[in-house]
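Fold and geometry: a report
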Amino acid sequence: MSIQSSYIGSIECVKRLNQLQTGHHNLEINRSNRNHKPKRGIDVIRRNLPKLDISINDINHLNIIHVAGTKGKGSVCAYTESILRASGAVTGLFTSPHLTTVRDRFRISAQPLAQPLFVKYFHEVWNRLSAEPDPELGYSQFLTLLSYSIFKQQNVDTCIYETVVGGKYDSTNIVSHPIATGISILDIDHASLLGHGPYGTIAENIAWHKAGIMKTGCPAFSVQQPQQARGVLESRAIELATELKFIDLHLAALRESSLSTSAQYWNASLAINLAEAYIKKYPRKQVIEFDQAVAIGLRNCVWEGRFQKISHDACNWYIDGAHNKYSILIASEWFASKVLERSKVYPYVPHILIFNQQAANRGGDALLKSIFDTCKHKGVQFDYAIFTTNEVWEDGTVIDDFVNNNRAPDKCSAMQLQKCYAECWKSLASASTIVETASTIEGAMQSAKMICEKAGGGDIFITGSLHLVGGVLYFLKSASSSRVKLG
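Residues numbered from 1 in each chain as written. Predicted model: local features only at pLDDT ≥ 70, side-chain atom pairs only at ≥ 80, totals over all residues. Heavy atoms only, no water.

The subject of this paragraph is the sheet that holds strand β13 (residues 434-438). Overall, mixed pairing links the 6 strands, which are arranged β9-β10-β14-β11-β12-β13 in an open sheet. One side of each edge strand has no neighbouring strand; the edge strands of this open sheet are β9 (308-312) and β13. Pairs of neighbouring strands in the sheet enclose a mean axial angle of 20°, with direction left out of account. As paired strands, β9 and strand β10 (residues 315-319) are joined by 5 bridges and run antiparallel to one another. Paired with His312 across the bridge in β10 is Cys315. (Pairing = 2+ DSSP bridges. Helix = DSSP H or I, 4+ residues; strand = E, 2+ residues; numbered from the N terminus. Axes fitted to C-alpha atoms, helices over the stretch in contact; angles between N-to-C directions.)

This model, assessed by the stated rule, comprises 1 cavity of 30 Å³ or more. Taken together, Thr95, Ser96, Pro97, His98, Leu99, Asp104, Arg107, Glu162, Trp303, Glu304 and Arg306 make up the lining of the largest cavity. Tallied by class, the residues present in the lining of the largest cavity amount to 3 nonpolar, 3 polar and 5 charged. (1 Å grid on protein atoms, 1.4 Å probe; cavity = no way out; pocket = protein on both sides within 12 Å on 5 of 7 lines; lining within 4 Å. Points joined across faces, edges and corners; volume = space filled by probe spheres on them. Nonpolar A, V, L, I, M, F, W, Y, C, P; charged D, E, K, R; others polar.)

A separate point is the domain arrangement of the chain. Taken domain by domain, the chain consists of domain 1 (8-300) and domain 2 (308-480). Summed over both sides, the interface between domain 1 and domain 2 buries roughly 2200 Å², with carbon and sulfur atoms accounting for 52% of that surface. Salt-bridge contacts for Lys15 lead to Asp400; the nearest nitrogen and oxygen are separated by 3.2 Å. Elements supplying a minimum of two residues to the side of domain 1 that touches domain 2: α1 (3-18), α2 (24-32) and α12 (262-281). Considered class by class, the residues forming the side of domain 1 that touches domain 2 number 8 nonpolar, 13 polar and 4 charged. (Domains from an automatic or database assignment. Buried area = accessible area lost by both parts, 1.4 Å probe. Salt bridge = Lys/Arg side-chain N within 4 Å of Asp/Glu carboxyl O.)

This brings us to the packing of aromatic side chains. The description of an aromatic ring pair uses the distance of the two centres, along with the angle that the planes make with each other. Going through the model one piece at a time under the given rule, you end up with 24 aromatic pairs. For the pair Phe382 and Trp425, a centre-to-centre distance of 5.8 Å together with 70° between the ring planes defines the contact as edge-to-face. Here the residue Phe382 occupies a position in the loop between α15 (364-378) and β12 (384-388), and Trp425 occupies one in helix α17 (residues 416-428), the gap between them amounting to 43 residues. As far as the burial class goes, Phe382 and Trp425 line up, both buried. Taken together, the ring pairs in this structure connect Phe307, Tyr318, Trp334, Phe335, Phe355, Phe372, Phe382, Phe387, Tyr421, Trp425 and Phe461 into an aromatic cluster. The cationic tip of Arg40 hangs over the ring face of Tyr169; the distance from NZ or CZ to the ring centre is 3.9 Å. A cation over an aromatic ring shows up here: Arg230 above the ring of Phe246, its NZ or CZ 4.0 Å from the ring centre. (Phe/Tyr/Trp six-rings, centres within 6.5 Å; stacked < 30°, edge-to-face > 60°. Buried < 20%, exposed > 50% of the residue type's maximum accessible area, 1.4 Å probe, protein only. Lys NZ or Arg CZ within 6 Å of the ring centre and 35° of its normal.)

Turning next to the pairing of strand β6 (residues 180-183). Neither face of β6 is exposed, since Ala180 and Gly182 on one face and Thr181 and Ile183 on the opposite face are all buried. Across 3 bridges, the pairing between β6 and strand β7 (residues 220-222) is parallel. Paired with Ile183 across the strands is Ser222, a residue of β7.

On to a nonpolar patch on the surface, then. Side chains of Leu249, Leu251 and Leu254 sit close together on the surface and give an oily, nonpolar patch of about 250 Å² of accessible area. On the secondary structure map, Leu251 appears in helix α11 (residues 251-255). (Patch = residues over 30% accessible without salt bridge, like charges linked within 9 Å, V, L, I, M, F, W, Y side chains within 5 Å. Areas by Shrake-Rupley, 256 points an atom, 1.4 Å probe, with all protein chains shown as cover.)

For the rest of this paragraph, the subject is the packing of α15 against α17. As a packed pair, α15 and α17 sit with axes 10 Å apart at the nearest point and diverge in direction by 35°. With respect to the hand of their crossing, α15 and α17 are arranged in right-handed fashion. Across the interface between the two elements, Gly364, Asp365, Leu368, Lys369, Ile371 and Phe372 of α15 pack against Tyr421, Cys424, Trp425 and Leu428 of α17. A class-by-class count of the residues in the contact of α15 with α17 yields 7 nonpolar, 1 polar and 2 charged. (Left-handed = near helix turned anticlockwise from the far one by under 90°. Contact = heavy atoms within 4.5 Å.)

The end-to-end C-alpha distance of helix α10 (residues 227-239), which contains 13 residues, comes to 19 Å, matching closely the 18 Å that a straight helix rising 1.5 Å per residue would cover. Along α10, the positions that sit buried rather than exposed are Ala229, Val232, Leu233, Arg236 and Ala237. Looking straight down α10, one finds its buried side chains confined to an arc of 135°; they lie on one side. Facing away from the buried side of α10 by more than 90 degrees, the exposed set consists of Gln227 and Ile238. On its buried face, α10 sits against β6, α9 (202-211), β7 and β8 (244-246). Looking one or two residues beyond α10, the residue adopting positive phi is Ala241, at roughly 55°. (Expected span 1.5 Å × (residues − 1). Arc of directions from axis to C-beta.)

The next point concerns the sheet that holds strand β1 (residues 64-68). Hydrogen bonds between backbone groups are what pair the strands of a sheet, and the pairing can be parallel or antiparallel. Taken together, 8 strands build an open sheet; the order of strands is β4-β3-β2-β5-β1-β6-β7-β8 and the sheet is mixed. At either margin of the open sheet sits one strand with a lone partner, and together these are β4 (111-112) and β8. Bridge count between strand β3 (residues 106-108) and β4: 2 bridges; the pairing is antiparallel. Paired with Arg107 across the two strands is Pro112, which belongs to β4. Each of β1, β2 (91-94) and β5 (158-162) touches helix α5 (residues 73-87); the most contacted strand, β5, lies at about 170° to it.

Put into structure tokens, the structure is as follows:
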């Protein structure tokens, strides 16, 4: 298959995939129906696996390390994969959501699945599932099924899986005997889906759902948790006859200079424990000493969109896809600390915020207040704030990998949320702060770039949504092409 034909084939696959999105109209109906019960992804997977000639035993043979949590689970997966790859294992990695391409979700030895392979495996799975349609088969369930087919045929040594939403009923929880399970920091998120359960509080029920990935006889690890969540995890571990260990910070994580936040230290420490569980079971797979693999893995791990800095000419872009209360606090502390470090060496440059959160139920106003208060407490204030949509290009070019049919297009085009965010920020900031809205990421980025050029530099904090961050990274990667010139 030629490069051009595989590219076109990949676009057609993604167009088909997007047909499986629920759609904003159906979502609104479901939300307004008090009797509506969300489908259980695990049940959809169980019904459809036989159509692909994949058994639960086949999935167990993938040697899965399974990770759930509210914040940092993707980073835990990335660190775990990097350590095991450094130790000599051929790795598969399944995460969500994707940032710049659907193929980001399926990685073989850290590399996104190649376009020709994506097209090949997509058609195999699509054709088989289409022969016996399941009306409940959705976007994330299809991708989970596709991942099992990919990793089985690629003969990986181990797979690291991030849950999509929750744990107990998640589409990735079909594995019955993982190598180990890990739970990153727990907080309140996806409350409408995970807030219901056997306990009296939302926090406890979320912990109950996340704890559902633990399996009898398989080691389980968790970072230190709030007391309520810890109690639920301990109870579930007893019920499932699972040995649960609440880890401490690992010395190797604290020694690694590339890590700079408490969240990174905890995520890396959890990853070290998970990777060690695999090495203990398969010591012959190891080609270097584990301590050396840990050091190399942590140092070389690349996980875009999380605590990421990109410097381009006059602009320093600080990028983090934080989108809930806990993560936005950590990301804001990270940005403020980096800006203060630079200020000790370099002259003052404007501080610019680029923000979006398109899901109204995520409380974007509260996220903005957290950004403002956290940075102000650290002594950092913003000179400019730009509120944008997740649309990338000014000319309206559609990127199929970014299509989100679950958002009402009329609300996006009217920029209702962006205007509300602008007013919210004006109520927080001083009168001298310049507040703007931009209808596209391209517009927001070019506006920030012009500010930086006039001032001889600038520090730009981009946060609020992984979808925003994905669009920003897509834009920046396009900056070296003929499509756009930045800087």
